[in-house]
Amino acid sequence: MLAQLDDLASLTRIDASGMLDQMTSFPSQLTSSLSVDIRRDVEAENVVVGGLGGSAMGGDVLAEYMAMNSSAPTFVVRDTTLPRWADERTLVILISYSGNTRETASMYASARERGCPMVIITSGGKLMDVAEREGLDVVKVPPGYQPRAALGHLLGSAACIVESVGLAPMASDIRAFVPSLETLMQDLLPSSPQARNAAKRIALRLLDTVPFVYAPRPMRSAATRWQTQINENSKMLCLSGEVPEMDHNQIVGWIDGARDGRNRPVMLLPRSGGYMALDLMRATIELFDDHDIDTVVADLEGASPLESALHGIMLGDFVSYYLAILRGVDPTPVPSIKELKGRLV
């Protein structure tokens, strides 16, 4: 299996749709999207980010950042309508990479009815057409990506929006992290051998398992990203959770419940950060070890939860890619989602 991961010809053959090229553009996507410097005359007391699937992932990262760095409560909505409290004091950021997401179009109508100030992030589609026709603020991102592979463009654009209205300096903070992401990328590429490629080593340990990915609450988005990327790229069942919550319920299932050797806990462990969850994670890892539960620990660099989350997201993307290669499946197609959408036409 290792030879397959180090064999660039094998990777190219299996990755027939070219997911690797899209994944490796993550740092450059951030740089491009963060280069926009616009000031918006919007006064908002709270923020709603609306989106589904890969388009909503940037909202998760943003909401975590805002919780620690802004006085404006920020919520991610994966639904068809906004919360009842959303009004003219609510900044609504709608993210639909395709511009044709049914649920996001419904949220657009809901925001218009409430008089919410709104910014749309999209690459085109019906949503962009309607928003531009109605004179709304549209941030257009480059087309041609899978929505889940356009995270750099979507997240960077959302960060610029909250900074442009004076709610939080998220765009500035991410700009400072890009060089460390570029350095990490070099160690995760297919040309990097297993000895220094954490993504390859973790993928080998997760093959033929059901991963359960956990992260501290301030960077839960990284665990969610691992789950969805392994679901879509690797075509595997994967679930996620957070610490400390999992230590109040799921830990019982792991230790006191019936054992299934296929289930594999994965701990996304930041190397730094002053939150209690890190001590709980380390204690949980030790407890799992004492009970002979094979646990994958992914050490994440970063001086802040946001930087660690971005490192974790990039690592998880490559883990999901190498899992797809090991399983011999093209990471890009998602036939079951396509089939479901076909039934809704």
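Shown above is the structure to which this text applies.
Keep in mind that this is a model prediction, so the values were computed, not measured.

Where do I start with the pattern of salt bridges in this structure?
Oppositely charged side chains can pair when the atoms bearing their charge come close. The final tally for this structure, using the stated rule, is 19 salt bridges. Between Glu 232 and Arg 148 there is a salt bridge; the shortest N-O distance is 3.3 Å. With Glu 232 in helix α11 (residues 220-232) and Arg 148 in the loop between β5 (137-140) and α8 (151-164), the pair connects residues that are 84 residues apart, well separated along the chain. Relative accessible area serves as the criterion here: at 4%, Arg 148 is assigned to the buried category. Close ionic contact of Arg 343 with Glu 339 constitutes a salt bridge, the shortest N to O distance being 3.0 Å. Of this pair, Arg 343 and Glu 339 are both found in helix α15 (residues 335-344), four residues apart, which corresponds to roughly one turn of the helix.

What should I look at first to understand a negative patch on the surface in this one?
Residues Glu 286, Asp 289, Asp 290 and Asp 292 make up a contiguous surface patch of negative charge. Mapped onto the elements, Glu 286 comes out in helix α13 (residues 276-290). Its relative accessible area of 53% is what places Glu 286 among the exposed residues.

Hey, could you run me through the sheet that holds strand β1 (residues 46-50) in this one?
The strands making up a sheet associate through backbone hydrogen bonding, with each pair oriented either parallel or antiparallel. Read from one edge of the open sheet, five strands run β2-β1-β3-β4-β5, paired in parallel fashion. Only two strands of the sheet have a single neighbouring strand rather than two, namely β2 (74-77) and β5. Strand after strand, the sheet turns through a mean of 20° between neighbouring axes, direction not considered. Strand direction decides the pairing type here: β1 and strand β3 (residues 90-96), joined by five bridges, are parallel. By the bridge assignment for β3, Val 48 is matched with Val 92. Across the sheet, helix α5 (residues 57-69) touches β1, β2 and β3, and the angle it forms with β2 is around 160°. The strands touched by α8 within the sheet are β3, β4 (118-122) and β5, with β4 carrying the most contacts at an inclination of about 160°.

Quick question: what am I supposed to make of the nonpolar core here?
In a soluble, globular protein the nonpolar side chains are often hidden away together inside. Judged by nonpolar contacts, the single largest core of 98 residues is most densely connected at Met 170, Trp 226, Leu 268 and Phe 318. For this core, the leading source of residues is helix α14 (residues 305-327), giving 13 residues. Sequence-distant contacts of Met 170, that is, excluding residues within four places in its chain, are made with Val 61, Leu 62, Tyr 65, Leu 155, Ala 159, Val 162, Glu 163 and Leu 306.

Explain unusual backbone geometry here, please?
If a residue is not glycine, its phi is most likely negative; likewise, a peptide bond is most likely trans. Look at the link from Val 243 to Pro 244: it is a cis peptide, with omega at 20°. As for its placement among the helices and strands, Pro 244 is situated in the loop between β7 (239-243) and α12 (250-256). With phi around 60°, Lys 235 is a residue other than glycine that occupies positive phi space. Inspection of the secondary structure puts Lys 235 in the loop between α11 and β7. The backbone phi angle of Asp 292 is positive, close to 60°, even though this residue is not glycine. Topologically, Asp 292 is positioned in the loop between α13 and β9 (296-300).

Help me out: how do you make sense of the pairing of β3 in this one?
Regular strands place side chains that alternate from one sheet face to the opposite one. The buried fraction of β3 amounts to seven of the seven residues, a majority that puts the element mostly inside the structure. Residues Thr 90, Val 92, Leu 94 and Ser 96 line one face of β3 and the alternating positions Leu 91, Ile 93 and Ile 95 line the opposite face, and both faces are buried. Bridge count between β3 and β4: five bridges; the pairing is parallel. Bridge pairing in β4 links Ser 96 to Thr 122. At this point the chain moves from β3, through helix α6 (residues 102-114), to the parallel β4, and the crossover so formed is right-handed.

Please clarify how the environment of Met 128 should be interpreted in this entry.
Following the sequence through the fold, Met 128 ends up in helix α7 (residues 125-133). For Met 128, a relative accessible area of 10% corresponds to the buried category. On a C-alpha basis, the gap between Met 128 and Asn 100 in space is 8.9 Å, while along the polypeptide they are 28 residues apart. Among all residues touching Met 128, those that are not within four sequence positions of it are Thr 122, Val 138 and Lys 140.

Even after reading the chapter, I still don't get the packing of aromatic side chains, so can you show me in this structure?
One pair of aromatic rings is described through two measures. These are the centre distance and the angle between the planes. Applying the stated criterion across every chain, the model contains five aromatic pairs. Plain terms: the ring middles of Phe 212 and Trp 254 are 5.1 Å apart, the flat faces sit at 80° to each other, and that makes the pair edge-to-face. Within this pair, whereas Phe 212 is found in strand β6 (residues 210-216), its partner Trp 254 is found in helix α12, the two being separated by 42 residues in sequence. Taken as a pair, Phe 212 and Trp 254 share a single burial class, namely buried. Arranged with centres 6.0 Å apart and planes meeting at 50°, the rings of Trp 254 and Phe 288 form a pair that is tilted. Here Phe 288 lies in helix α13 and Trp 254 lies in helix α12, a separation of 34 residues in the sequence. Each member of the pair, Trp 254 as well as Phe 288, is classed as buried. Each residue in the set Phe 212, Trp 254 and Phe 288 is aromatic and connected to the rest through ring pairs, giving one cluster.

Looking at this structure, how should I read the packing of α5 against α8?
Taken N-terminus to C-terminus, the directions of α5 and α8 make an angle of 40°; their axes are 8 Å apart at the nearest point. As far as their axial angle goes, α8 and α5 are oblique. Remark: the crossing between α5 and α8 carries right-handed chirality. Contacts between α5 and α8 involve Met 57, Gly 58, Val 61, Leu 62 and Met 66 from the former and Leu 151, Leu 155, Ala 158, Ala 159 and Val 162 from the latter. Considering only residue class, the contact of α5 with α8 consists of nine nonpolar, one polar and no charged.

Rules of the game
- Residues numbered from 1 in each chain as written.
- Predicted model: local features only at pLDDT ≥ 70, side-chain atom pairs only at ≥ 80, totals over all residues.
- Heavy atoms only, no water.
- Salt bridge = Lys/Arg side-chain N within 4 Å of Asp/Glu carboxyl O.
- Helix = DSSP H or I, 4+ residues; strand = E, 2+ residues; numbered from the N terminus.
- Buried < 20%, exposed > 50% of the residue type's maximum accessible area, 1.4 Å probe, protein only.
- Patch = residues over 30% accessible without salt bridge, like charges linked within 9 Å, V, L, I, M, F, W, Y side chains within 5 Å.
- Areas by Shrake-Rupley, 256 points an atom, 1.4 Å probe, with all protein chains shown as cover.
- Lys, Arg positive; Asp, Glu negative; His and termini not counted.
- Charge placed at Lys NZ, Arg CZ, Asp CG, Glu CD.
- Pairing = 2+ DSSP bridges.
- Axes fitted to C-alpha atoms, helices over the stretch in contact; angles between N-to-C directions.
- Contact = heavy atoms within 4.5 Å.
- Core = buried A, V, L, I, M, F, W, Y, C linked by side-chain atoms within 4.5 Å.
- Right-handed = clockwise from strand over helix to strand, strands pointing away.
- Phe/Tyr/Trp six-rings, centres within 6.5 Å; stacked < 30°, edge-to-face > 60°.
- Parallel < 35°, antiparallel > 145°, perpendicular 65-115°, else oblique.
- Left-handed = near helix turned anticlockwise from the far one by under 90°.
- Nonpolar A, V, L, I, M, F, W, Y, C, P; charged D, E, K, R; others polar.

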